[in-house]
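Per-entry structural report
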Amino acid sequence: MPDGKAALQEVLPKRGQLSVEDTASLVLCKPKVLPLKSVALEKLEALQRAALEAAAAARQPEEPPQPSEEAPQPQPRP
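Calculation criteria
- Residues numbered from 1 in each chain as written.
- Predicted model: local features only at pLDDT ≥ 70, side-chain atom pairs only at ≥ 80, totals over all residues.
- Heavy atoms only, no water.
- Helix = DSSP H or I, 4+ residues; strand = E, 2+ residues; numbered from the N terminus.
- Buried < 20%, exposed > 50% of the residue type's maximum accessible area, 1.4 Å probe, protein only.
- Contact = heavy atoms within 4.5 Å.
- Patch = residues over 30% accessible without salt bridge, like charges linked within 9 Å, V, L, I, M, F, W, Y side chains within 5 Å.
- Areas by Shrake-Rupley, 256 points an atom, 1.4 Å probe, with all protein chains shown as cover.
- Salt bridge = Lys/Arg side-chain N within 4 Å of Asp/Glu carboxyl O.

1. With respect to the overall build of the protein
- For the protein, the count of helices and strands is 2 helices and 0 strands.
- For the protein, buried positions account for 0% of its 78 residues.

2. A few points about the environment of L18
- Locating L18 in the fold gives a position in the loop between α1 (4-7) and α2 (39-59).
- Looking at L18, the relative accessible area reads 59%, which means it is exposed.
- Setting aside its immediate chain neighbours within four residues, L18 contacts L12 and P13.

3. A few points about a nonpolar patch on the surface
- Together, L12, L18 and V20 line one region of the surface with nonpolar side chains, adding up to about 340 Å² of accessible area.
- By secondary structure assignment, the location of V20 is in the loop between α1 and α2.

Here it is, written out as structure tokens:
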């Protein structure tokens, strides 16, 4: 097998124009860190949570008063 230089022969045109096409290639850049949630979305979720908690608190009925031991008990019939 021939060496690297002898294996490939360079051919240049003697007449005409030599054209070289540049192909577009990807340029990799440093990745940007993006927040998973925006500040506005976090504020909106906090407001929704507060509204749900207020609605749940308003929906719960107040606890009925506990019967005290001093209250008269019904008397059994004779």
